[in-house]
Amino acid sequence: MSNWGVLENHGLFLASLAWQKPDGTEPCMGDSDAIDQRDLITKAAYFYQDGELKKGGYSHLDFDTIWELGFKAVKQYDQLPSLSTSQRLFVLQESGNAIYKEEDTYLRFHCGTLGAGHGHSDKLHFDLYANKEDLLLDAGRYTYVPRSERYEFKDSTAHNTTTVDNKNFTVCKDSWECSKLSAPIGFRTVQKNGYIAFQGSHQGYLDVGVLPRRTIVVLEKTLILICDEFLSQEHHSYQSYLHFNDKGKVRLQESGAVYQSAQNEMYIHTISSQGVTQYLKSTRLSRHYNELIDNKTMVCEVEGDGFVSLFTLISLNKDAYFKKERVLSNFKKIRFPDSLIEAVTIKKGDNAYTVVVSHQEWASPTDTFNADGCTGFGSLLVFDRGKGETEIGTRLFT
């Protein structure tokens, strides 16, 4: 046991468990491959007699673990109860990672440091998994060799994030060094009244006078809203990338795209006051070293002078209706500009929500907003319209 070193590292295994997808693998991040880590979680569960770790490991010891621990461990492990947790939000603050888990749905958001030479240009990236399948994922690593493929997979465009003017916010100098870095800022999360929200920004485009920020709101386990905002004083174009699993088929629709596979139907809709140009491009992903697989990536592009925003709605297994709302001042009797505050209404079946997102300080001390009859105050709010909620709402960020 002492040689394996597990007794000093319980917290590391709890972090690995939080990180783990429902299929037992860890997500690709930086130079990490899609590795099944259940053998390590299983060993840790045995050593710590931790039932929650066992829930993330194998129900019985695997052959290699029996070979290492001895046959007596089989009975001891079988007697250990497997314990489920009701926790839905896991925040690994030091690394800038936050994970949402509910039944077979998993979403990871990243707004952390590069992580030295093994790091990729992946700030504001997110992974999405549901119903035994990756839906949106990191493109992976492929190689360490300093050639075009190394940079293809390290670049911002290989991640579910955004770029400005088609330029990377982290620039590689060679296989391990960078000539331009990007500090993460504003990483925060919240869980309230059944909703979960993630938010983060970075300084990668300060050299061109742009501050990007991403906000993700999990309304339901099958309904996720993403707001990308870009604060600037100049004219720029902005790109958003969504990398699909290769197991399904992707087609564009009028306001987004549809991904279909044996396990899932995923509907994606986009809205921007500036209008959205969208297309599919042929890309590649690499779950393991020296492995290349063809897949599709959706690119959405918006451009404009000064402030620009892009809303993206992801709906699983059933399509949803999505529209933008005017946001008015209850006291000044004016319409707020989009650069200050915006709102969208989402309807899916019998459920409906109005989400209000502020981009800058918008209210004097006596003001409140009105968005399609919903009144409140704050920087990120959700109103459950299906339940008739129109006042105060759930304030996720103040």
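Just above, that's the structure.
Description of the structure in this document. (Residues numbered from 1 in each chain as written. Predicted model: local features only at pLDDT ≥ 70, side-chain atom pairs only at ≥ 80, totals over all residues. Heavy atoms only, no water.)

1. Concerning the overall build of the protein chain
The secondary structure content of the protein chain amounts to six helices and 27 strands. For 398 residues, the compact-globule estimate of 2.2 N^0.38 gives 21 Å, and the C-alpha radius of gyration of the protein chain, at 22 Å, lies within 12% of that figure. On the principal axes, the C-alpha backbone points of the protein chain span a range of 75 × 50 × 40 Å. Of all 398 residues assigned to the protein chain, the portion counted as buried reaches 56%. Of the contacts made within the protein chain by residues no fewer than 6 positions apart, 58% connect residues no fewer than 24 positions apart. When the accessible area of the protein chain is evaluated, it comes to approximately 17300 Å², of which 50% is carbon and sulfur surface. Each charge sign in the protein chain was given a centre, from 43 positive and 52 negative side chains, and these centres are 3 Å apart. (Helix = DSSP H or I, 4+ residues; strand = E, 2+ residues; numbered from the N terminus. Rg over C-alpha atoms; globule rule 2.2 N^0.38 Å. Buried < 20%, exposed > 50% of the residue type's maximum accessible area, 1.4 Å probe, protein only. Contact = heavy atoms within 4.5 Å. Areas by Shrake-Rupley, 256 points an atom, 1.4 Å probe, with all protein chains shown as cover. Lys, Arg positive; Asp, Glu negative; His and termini not counted. Charge placed at Lys NZ, Arg CZ, Asp CG, Glu CD.)

2. Overview of the sheet that holds strand β24 (residues 369-371)
On the basis of which strands lie adjacent, the open sheet formed by three strands has the order β21-β24-β25 and antiparallel pairing. With one partner strand each, in any of the chains shown, β21 (327-329) and β25 (374-376) form the two edges of the open sheet. With direction set aside, neighbouring strand axes in the sheet form an average angle of 30 degrees. (Pairing = 2+ DSSP bridges. Axes fitted to C-alpha atoms, helices over the stretch in contact; angles between N-to-C directions.)

3. Some words on the side chain of Glu133
Secondary-structure assignment places Glu133 in strand β5 (residues 133-136). An unpaired buried charge is present at Glu133: no salt bridge exists, and Arg287, the closest side chain of opposite charge, is 7.7 Å distant. Here Ser261 takes part through its side chain, which lies 2.7 Å from a polar atom of the side chain of Glu133. A polar side-chain atom of Glu133 sits 2.7 Å from a polar atom in the side chain of Asn264. Dropping the residues within four chain positions of it, Glu133 is found in contact with Asn245, Lys247, Tyr259, Ser261, Gln263 and Asn264. (Salt bridge = Lys/Arg side-chain N within 4 Å of Asp/Glu carboxyl O. Polar contact = N/O pair within 3.5 Å; in protein donor to acceptor, adjacent residues only side chain to side chain.)

4. Re the state of the cysteines
Applying the stated rule across the entire model yields zero disulfides. Not part of a disulfide, Cys178 finds its nearest cysteine sulfur in Cys172, a span of 4.8 Å. We note that Cys300 lacks a disulfide partner, and the nearest cysteine sulfur, in Cys227, lies 14 Å from it. (Disulfide = S-S within 2.5 Å.)

5. Let's talk about the packing of aromatic side chains
All told, the structure shown has 15 aromatic pairs when counted by the stated rule. Look at Trp362 and Phe377: their rings are 5.6 Å apart centre to centre, the planes differ by 50 degrees, and that puts the pair in the tilted class. Highlighted residues: Trp362 in the loop between β23 (351-358) and β24 and Phe377 in the loop between β25 and β26 (380-384), separated in sequence by 15 residues. According to the relative accessible area criterion, Trp362 is buried, its value standing at 7%. (Phe/Tyr/Trp six-rings, centres within 6.5 Å; stacked < 30°, edge-to-face > 60°.)

6. Focus: the pairing of strand β10 (residues 195-202)
Counting buried positions along β10 yields eight of eight residues, so the element is predominantly enclosed. Side chains Tyr195, Ala197, Gln199 and Ser201 of β10 all project onto a buried face; the interleaved residues Ile196, Phe198, Gly200 and His202 project onto the opposite face, where all are buried too. Strand direction decides the pairing type here: strand β9 (residues 184-192) and β10, joined by seven bridges, are antiparallel. What sits directly across from Arg188, in β10, is Gln199. The turn linking β9 back onto β10 is made up of two residues, and Asn193 within it adopts a positive phi angle of 50 degrees. Alignment of β10 against strand β11 (residues 210-220), held across six bridges, turns out to be antiparallel.

In short, shape yes, function no, at least from these values alone.
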